[in-house]
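In case you want the letters, here they are:
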Amino acid sequence: MTSSYVKRLAQECGFELAGVALAAPSGDAERFLNWVSQGMAGQMGYLTDHRANLRQNPCQLLPTAKAVICVGKLYNETNPNSVNCKEPYAGWVSRYAWGDDYHGVVRSGLENLAEKLRQHGGIFDYKICVDTAPLLERSYARLAGLGWIGKNTCLINQQMGSWFFLGELLVSLELQPDEPPADRCGTCTRCIQACPTDAIVSESTGFTVDSRKCISYFTIELRGPVPEEMRSGMGNHVFGCDICQDVCPWNQRAPATTEPAFAARHFAPALHRLAALTEEEFRETFRNSPIRRARYAGFLRSVAIAMGNNGDARFREPLQKLAASSDSQLAEHAAWALSRIK
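Throughout what follows, the structure given in this document is the object of discussion. (Residues numbered from 1 in each chain as written. Predicted model: local features only at pLDDT ≥ 70, side-chain atom pairs only at ≥ 80, totals over all residues. Heavy atoms only, no water.)

1. A short note on the side chain of Thr219
Thought 1: Secondary-structure assignment places Thr219 in helix H8 (residues 215-221).
Thought 2: Of note is the side chain of Thr219, whose polar atom sits 2.9 Å from the backbone oxygen of Ile215.
Thought 3: With residues up to four places along the chain from it excluded, the contact list for Thr219 reads Met234, His237, Val238, Phe239, Gly240, Ala294, Arg301 and Ser302. (Helix = DSSP H or I, 4+ residues; strand = E, 2+ residues; numbered from the N terminus. Polar contact = N/O pair within 3.5 Å; in protein donor to acceptor, adjacent residues only side chain to side chain. Contact = heavy atoms within 4.5 Å.)

2. Some details on the packing of helix H14 (residues 316-323) against helix H15 (residues 328-338)
Thought 1: As a packed pair, H14 and H15 sit with axes 7 Å apart at the nearest point and diverge in direction by 150°. The orientation of H14 with respect to H15, classified from their angle, is roughly antiparallel. The element H14 and its partner H15 pack so that their crossing is left-handed. When H14 is examined against H15, the residues Arg316, Leu319, Gln320, Leu322 and Ala323 are found in contact with a partner set consisting of Leu330, Ala331, Ala334, Ala335, Ala337 and Leu338.
Thought 2: Across the contact of H14 with H15, the residue classes tally to nine nonpolar, one polar and one charged. (Axes fitted to C-alpha atoms, helices over the stretch in contact; angles between N-to-C directions. Parallel < 35°, antiparallel > 145°, perpendicular 65-115°, else oblique. Left-handed = near helix turned anticlockwise from the far one by under 90°. Nonpolar A, V, L, I, M, F, W, Y, C, P; charged D, E, K, R; others polar.)

3. Examining the pattern of salt bridges
Thought 1: This model, assessed by the stated rule, comprises 16 salt bridges.
Thought 2: For Glu203, the salt bridge goes to Arg31, with nearest N and O atoms at 2.8 Å. Remark: Arg31 occurs in helix H2 (residues 29-37) and Glu203 occurs in strand S8 (residues 200-203); sequence separation between them is 172 residues.
Thought 3: A relative accessible area of 15% places Glu203 in the buried class.
Thought 4: You can call Arg31 partly exposed: its relative accessible area is 33%. (Salt bridge = Lys/Arg side-chain N within 4 Å of Asp/Glu carboxyl O. Buried < 20%, exposed > 50% of the residue type's maximum accessible area, 1.4 Å probe, protein only.)

4. Section: the sheet that holds strand S2 (residues 67-74)
Thought 1: Across the sheet, which stays open at both edges, the four strands sit in the order S1-S2-S7-S4 with antiparallel pairing between neighbours. Strands with a single pairing partner mark the edges of an open sheet, and in this sheet they are strand S1 (17-22) and strand S4 (126-129). Going from strand to strand, the sheet's axes swing by 20° on average, the running direction of each strand aside.
Thought 2: Here S4 pairs with strand S7 (residues 164-171) via four bridges, running antiparallel. Bridge pairing links Cys129 to Glu168 in S7. (Pairing = 2+ DSSP bridges.)

Structure representation (structure tokens):
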């Protein structure tokens, strides 16, 4: 079965990008383990526990695997981005979380792809991976020809940019592998210069992201307090950060998604409304949204930081309420934000 045939089937299943890599060590495992050993994963234990070594070979996930079918699902929207948003009292939500959670959408598409392959190739073993499996997704996507890994560590496709969810179908089929594209970042450093917390750092093999300085890490993954020296750099971000992608030249002409599930609902919510959410309202408002991953107290912590960075007096009252919270961590961040109100 040829790679072009697999790509056609993947397109029928709603994926804009698709390609094939061999189910063998990618060559990036050593770099990943070195990144982990330097502590750059922060508190993300799922990257540093026993699953770290599992990422070295996809055959540890599916022993009979011979190929990795990599797909990309576009999620770009045409609303303002984090750089030019003109809403002065709004919080910023990362573009990937404007609509519904992507896991179910991508998994459903991969299930359809597996069924189409069964119809044309007979019975085979397969395993679906949608970023929760211990697999170096971007490495295999690069080997499958979907794009190159940029300085901001995002996978970048020359024609469509970097606004993609990645998914993989490990299969026991013999498939013709694709070739990785050339790195076309060149001497451009816009993402590095634009990062307000200097999270994109240089290393011996190129550039990487130090999670301990990353706004997305602070607003999504970190369960402890945000380091005080990092708070001002977070701006109005309450969930995730798109700055390094928004300034990337390869995204200037990125197409918009046609997937209804990714239609924008949460791209610039008013901060005072977010601060007033009860825990039940938080769960209901962001039902089936990636935003729930931040958890209620963690989300309000980011909202408090965003209000403090805004500095407007209208946020004094909602911050005073947050500062009285029984959650000591939330109360501390709200008190910090109050100290910055004009």
